Amino acid sequence: MSVDTAPKRIVSKEEQPYVEAEKKRHTGYKVLGIIVLWLILYAVFKGKQTLELAFQDTNGFHQWLNDARDWVQVEGQDNWFFGGVLGAIGDFFNSAVEWLQKLISIPAFPRPVPQIGWLGVVGIAAWITWSVAGLRSTILVTVSFLMFGILDLWSPAMDLLIITVIAVVVCIIIGLPIGILMARRKAVSVAITPVLDIMQTMPAFAYLTPVALFFGIGAASAVVITLIYALPPLIRITEYGIKSVPANTKEAARSLGLTQGQLLRQVELPMARRTIVVGINQCMMAALSMATIAALVNGPGLGKNVVSALQILNVGAASVAGLAIVLMAIMLDRTTTAASERSEAQGRASGVASVSGPGVMLTGVMLERLPRWAKEDAGRGQRRPRLTNAGRWLTRGLLLIPVVVMVFLSRQQINLAAFPDVSDTPVIKWISGSNLTKVINDFTSWFVDLVDGFTIALKDDVTNWIINPFQDLLALSPWWVMALVLLALAYVLGGWRPTVATLVCQAVILGTGLWNDTMVTLTMTLLATVLVMVIAIILGVSMGRGPRTDTIIRPFLDAFQTIPPFVYLVPALALFGVGRFTAILAATAYAVPIATKLVADGIRGVSPTTVEAVRSAGSTKWQMISKVQLPMSREALVLATNQGLLYVLSMVVIGGLVGGGSLGYLVVSGFSQTQLFGKGLAAGIAITALGVMLDRIARGAAARYGR
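Now for a look at the structure at hand. (Residues numbered from 1 in each chain as written. Predicted model: local features only at pLDDT ≥ 70, side-chain atom pairs only at ≥ 80, totals over all residues. Heavy atoms only, no water.)

The next subject is the overall build of the chain. Along the chain, the regular secondary structure elements total 30 helices and 0 strands. The buried share among the 707 residues of the chain stands at 50%. Contacts in the chain between residues at least 24 apart in sequence constitute 80% of all its contacts with a sequence separation of at least 6. Of the accessible surface of the chain, which amounts to about 33,500 Å², a share of 66% is contributed by carbon and sulfur atoms. (Helix = DSSP H or I, 4+ residues; strand = E, 2+ residues; numbered from the N terminus. Buried < 20%, exposed > 50% of the residue type's maximum accessible area, 1.4 Å probe, protein only. Contact = heavy atoms within 4.5 Å. Areas by Shrake-Rupley, 256 points an atom, 1.4 Å probe, with all protein chains shown as cover.)

The structure is reproduced here in structure tokens:
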């Protein structure tokens, strides 16, 4: 970009009038031309060279994967890597999970109950929560744990919590050092960032088959899948937190003679504490989401209850298990958020003051080199009484006494060890698992009978008039036509880099032999993404323009974002039955919250000066939205589309469990049918390639048109 040295007034981005930059590129006309040519080729070559492969048919690549699985299972036990390294890791995780299960969730032989009964577990959980997050979170955690028992899901809930906690602990052990290293070494960041991009682009289903191949079916696979899926956000946020420490603060610390290790321990980590706790929050929510899906590889937990209920269309049982999952998600989210806020308060009270070190006082000159809030914190820290921490630990110690008593009683009395049946208890019986399941099933049957005509007609009409024609356009076009269309769109929207990435991903998809199934998955993904963006723009514009609307809607979006994807399948299945429409609807519901928030933030970010100037010119409300706010929020809209697309893809694949078919169903079938294992693994590879391709095209469009 050329630099003009002549003096001129600098105009901020917000003050600049919006310029329709793509007019020069004629993007709309180019895309229209591609679509017209596509339709012509489709009409001429419809149904030819589609590379369709029947469900039970396999190719050489699939058979090769089957042979590789057989070798790993038979010969891999004697291999130093598969049987040695991976075998030791799997044995460790299996042993850890089994030990914790016998501690809190399943009978520990010869005892007929766990080592610590439900009362002791509730006491320990409440004490830990009070220590790190405060009273409100303690109440929430206590109520949530009691609800797990009342819903008759104590053991599955504890199993899910065990898988999640083990995965998060391992993520912290691995992720924090990597994030710190990436923040301090640019070369490391450059090398690892592309790997994290791919890991975060891969839908959850893509992890299942390869991990199951190396670790077998069971708890070990569940833990490994969960930690791999949950690791990237923790690494990224840790890197960001360390990098966000002000440079002048670090320079002031170095001037005191601190080494790199002291700088990290006494300055960077304390000042990045809240950000790192936010990273742990995101890591934990991702882990919980994946731990439920890990039920497909026989991972213990509530996911098993959801899967088994979905298989027999038991909406009540699936809803109760889903409710328990939502309770756990809210509990973990609110607790870690409260811990983040508390850590910030403690960090501001003591973190910067520790720069001075024992016996060292910050001189006036040194204080001048710190930011203003750091000066205040440093001064408060030097004057803060030492009894504060001692008093805090004394209180924790006193509160630990009743916890020990609760643990002791839970080991001695059977009714305090195994959660009692409350189905006949007055008041509580109405929310017990068995009664709630019956009530939900009865209500579902009544409601579905009431609206069955409308919902079935809606599903059939949308399927016949929208889904089927669009799927025919993608799946019945010759493979080379679709390949050229995708390459052309990638180039027009993003340039050469997305085009090269698209070409590589297409080669991978072709190599799997699942091109046609990939196009079916792409159909549902694109349709759901369009629906997501329509809803997100309507809600996002309302939230961005009206603070009161934002106050009403945002809490619901926050709550929906904590819900793991499995749970969205339940209401969609109850209302519309199995099918692609159900998968699209569940994917839309899953992706709407994140896309809506991004659109709302973009609308709110438009300069008030610009809005006021346009309003004073006599523009109507519609003109304000369509001519000013939406165009100037283009960067947020592109980002919302990108994120919505990835969320939709991950959910559409899971929709294979409710009749979505295509790649997701092939992955699931690979576990249940031995001869289809290779095809299921190939489907996971195709899902990953499709996700990377869509992500690169969306990112290219964001880079080109999001400015």
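Now, onward.
Further remarks concern unusual backbone geometry. Cis geometry marks the peptide bond from phenylalanine 109 to proline 110; its omega dihedral reads 10°. Counting through the fold element by element, proline 110 comes out in the loop between helix H4 (80-104) and helix H5 (118-133). Even without being a glycine, leucine 51 presents a positive backbone phi close to 60°. The residue leucine 51 is located in the loop between helix H2 (27-45) and helix H3 (60-74) in this model. Taking relative accessible area as the criterion, leucine 51 reaches 41% and is therefore assigned partly exposed. At asparagine 298, a residue that is not glycine, the phi angle is positive and equals roughly 65°. You can call asparagine 298 partly exposed: its relative accessible area is 39%.

Moving on, we come to the environment of glycine 659. Along the chain, glycine 659 turns up in the loop between helix H28 (634-654) and helix H29 (662-672). Taking the C-alpha atoms as reference points, glycine 659 and glycine 577, separated by 82 residues in sequence, lie 8.6 Å from one another. In this structure, glycine 659 is in contact with Val578, Gly579 and Arg580, ignoring residues within four places of it in sequence.

A few words on the side chain of serine 477. Topologically, serine 477 is positioned in the loop between helix H19 (433-475) and helix H20 (479-494). Among the residues examined, serine 477 registers a relative accessible area of 1% and is labelled buried. Of note is the side chain of serine 477, whose polar atom sits 3.3 Å from the side chain of tryptophan 38. If near-sequence neighbours (up to four positions away) are discounted, serine 477 is found in contact with Trp38, Tyr42, Lys48, Thr50, Asp472 and Met482. (Polar contact = N/O pair within 3.5 Å; in protein donor to acceptor, adjacent residues only side chain to side chain.)

Let us now look at helix H24 (residues 565-576). Here H24 spans 17 Å end to end across 12 residues, near enough to the 16 Å set by a 1.5 Å rise per residue. With respect to burial, H24 is a largely interior element, 10 of its 12 residues being buried. Within the span of H24, buried status applies to Pro565, Phe566, Val567, Tyr568, Leu569, Val570, Ala572, Leu573, Ala574 and Phe576. Just past H24, the residue glycine 577 takes up positive phi, approximately 70°. (Expected span 1.5 Å × (residues − 1).)

With that settled, consider H19. Taking 1.5 Å per residue as the helical rise, H19 with its 43 residues ought to reach 63 Å, whereas the 44 Å between its terminal C-alpha atoms falls clearly short. Where H19 bends most, at valine 451, the angle is about 65°. (Bend = angle between axes of the 7 residues up to and from the residue.)

Taken together, Leu32, Val36, Ile40 and Val44 make up a surface patch of nonpolar side chains, about 350 Å² in accessible area. Relative to the helices and strands, isoleucine 40 resides in helix H2. The partly exposed category is assigned to isoleucine 40, whose relative accessible area is 47%. (Patch = residues over 30% accessible without salt bridge, like charges linked within 9 Å, V, L, I, M, F, W, Y side chains within 5 Å. Salt bridge = Lys/Arg side-chain N within 4 Å of Asp/Glu carboxyl O.)

One way to put it is that helix H26 (residues 608-616) packs onto helix H27 (residues 621-632) with a least axis distance of 11 Å and a crossing angle of 165°. Classified by the angle between their axes, H26 and H27 sit roughly antiparallel to one another. You can see that H26 and H27 cross each other, and the crossing is right-handed. Residue-level contacts link Thr610, Val611, Val614 and Arg615 of H26 to Met624, Val628, Gln629 and Met632 of H27. Class assignment of the residues belonging to the contact of H26 with H27 gives a composition of 5 nonpolar, 2 polar and 1 charged. (Axes fitted to C-alpha atoms, helices over the stretch in contact; angles between N-to-C directions. Parallel < 35°, antiparallel > 145°, perpendicular 65-115°, else oblique. Left-handed = near helix turned anticlockwise from the far one by under 90°. Nonpolar A, V, L, I, M, F, W, Y, C, P; charged D, E, K, R; others polar.)

For the coordinates displayed, the defined rule picks out 21 aromatic pairs. On the numbers, 5.4 Å between centres and 70° between planes, the contact of phenylalanine 45 with tryptophan 480 is edge-to-face. Of this pair, phenylalanine 45 sits in helix H2 while tryptophan 480 sits in helix H20; the two residues are 435 residues apart in sequence, bridging distant segments of the chain. Judged by its relative accessible area of 29%, phenylalanine 45 is partly exposed. Between phenylalanine 145 and tryptophan 154, the aromatic rings sit 6.1 Å apart at their centres with planes inclined by 65°, giving edge-to-face as the arrangement. Classification of phenylalanine 145 as buried rests on a relative accessible area of 4%. For tryptophan 154, a relative accessible area of 8% translates into the label buried. These aromatic residues form a ring-pair network of at least three members: Trp71, Trp80, Phe81, Phe82 and Phe214. (Phe/Tyr/Trp six-rings, centres within 6.5 Å; stacked < 30°, edge-to-face > 60°.)

This paragraph deals with the nonpolar core. In terms of nonpolar packing, the biggest core is built from 179 residues, with Phe145, Phe205, Leu208 and Met328 touching the most fellow members. Broken down by element, this core gets its largest block of residues, 15 residues, from helix H7 (residues 154-184). Grouped together as the second largest cluster of nonpolar side chains are 5 residues, Val606, Val611, Val614 and Val628 included. (Core = buried A, V, L, I, M, F, W, Y, C linked by side-chain atoms within 4.5 Å.)

Turning our eyes to something else, we now look at the pattern of salt bridges. Evaluation of the coordinates by the stated rule reveals 17 salt bridges. Arginine 69 is the partner of aspartate 70 in a salt bridge, and the nearest nitrogen-oxygen pair spans 3.1 Å. By relative accessible area, which is 34% here, aspartate 70 ends up partly exposed. Residues aspartate 550 and arginine 554 are paired through a salt bridge, measuring 3.1 Å at the closest nitrogen-oxygen approach. In this pair, aspartate 550 and arginine 554 are both assigned in helix H23 (residues 547-561), 4 residues apart and thus about one turn of the helix distant. The buried category is assigned to aspartate 550, whose relative accessible area is 12%. A cluster of three or more residues bridged by salt bridges with shared partners is formed by Asp197, Arg236, Asp695, Arg696 and Arg699.

Any functional reading would require information that these geometric values do not contain.
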